[in-house]
Each structure stands twice: as structure tokens, then as C-alpha cells.
Amino acid sequence: MTDQVDNWHKLARYDTNMQGELHANLLRNNGITVSLQPLSAMPGMNSGIVLWIQDTDLAHAQRILANIDTDGATPYEMFDEMSEATLNPTLNSAKDNNGGEV
């Protein structure tokens, strides 16, 4: 299969569906049309995904993906950090001002 089909270009291939969907949503939030091609015909299989972009959006999409700042974190690590930040206020609210349990 080539990297170009009519006016669509293969932008990126991801090993996990979650990573591909995160990047696809980032591009969509920036006004770019994205087509997802799962690498498995079986629903629910986490076998990877390919992002396809229209040729008019290719350069813009490449710039967006090139500027993602993850500080070396995987999408799972970023999700874990967001979950911790969400949970900590709940955990901290159960303590009084002196650090003791309420």
C-alpha cells in the first residue's frame, strides 16, 4: 500500500489505538480532517492504527505532531498524571488544616 491514496496521505502509524486516537483528536481540535485506519479487522483489538490526512492539511498536521511536548512521557503516563491531579484534591480535602484526618 502506498502512502498516498488520491488526496489522502499517510501521516503516522501508532502501535496502540489509544495513542492514535489521542493524536487524531488533537488534530481534529485544530480543524484538521483525520481518517483512522485500524490495523485489525477484529473490533476491540489493540493492534495499532494509521492516521490519514488530506493533502491540503498535511504540512499543518506534521507541524502539530512535531510540536507535542510529552517530556518523554507515554500517553499512559500522561493519563496517570492527569488522574493523580484529579484525585489529589479529593484526598487532601479529607484532612484538616494541621494535616490530620478529619
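Here the structure is shown first, and the text comes after it.
Note that the coordinates shown come from a computational prediction; the quantities given were computed from them, not determined experimentally.

We now examine the side chain of His23. The topology assignment puts His23 in helix α1 (residues 17-29). Its relative accessible area of 16% is what places His23 among the buried residues. Among the polar contacts made by the side chain of His23, one reaches the side chain of Tyr14 at a distance of 2.7 Å. Here His23 is in contact with Tyr14, Leu51, Leu65 and Ile68, once residues within four sequence places are set aside.

Within the largest apolar cluster, 14 residues are counted, with the highest numbers of intra-cluster contacts made by Leu11, Leu27, Ile32, Val34, Leu51 and Ile53. Broken down by secondary-structure element, the contributors of at least two residues to this core are β2 (8-14), α1, β4 (49-54) and α2 (58-66). Of the residues forming this core, the biggest block, four residues, is contributed by α2. Those residues in contact with Leu51, other than ones at most four positions away along the chain, are His9, Lys10, Leu11, Ala12, Tyr14, Gly20, His23, Ala24, Leu27, Val34, Ser35 and Leu36.

Along the chain, Ala59 falls in helix α2. Separated by 48 residues in the primary sequence, Ala59 and Leu11 place their C-alpha atoms 9.7 Å from one another.

About the cut-offs
Each chain has its residues counted from 1, running along the sequence as written. Whole-chain, interface and lining totals are the exception, using all residues; otherwise, since this is a predicted model, local features are given only for residues with pLDDT of at least 70 and side-chain atom pairs are given and counted only at 80 or more. Side-chain measures were taken over the full set of non-hydrogen atoms in the model, leaving aside hydrogen atoms and water. What counts as a helix is a DSSP run of H or I of at least four residues, what counts as a strand is a run of E of at least two, and both are numbered from the N terminus. Exposure is judged per residue with a 1.4 Å probe applied to protein chains only, and the accessible area is read against the type maximum: over 50% gives exposed, under 20% gives buried, and values in between give partly exposed. Whenever two N or O atoms come within 3.5 Å, that pair is a polar contact, provided that in protein one can donate a hydrogen and the other can accept it, and provided that, for residues adjacent in sequence, both atoms are side-chain atoms. Between two residues, a contact is recorded if the distance between any of their heavy atoms is within 4.5 Å. Buried residues of nine kinds, namely Ala, Val, Leu, Ile, Met, Phe, Trp, Tyr and Cys, make up a nonpolar core once their side-chain atoms join them within 4.5 Å.

None of this, on its own, says anything about what the molecule does.
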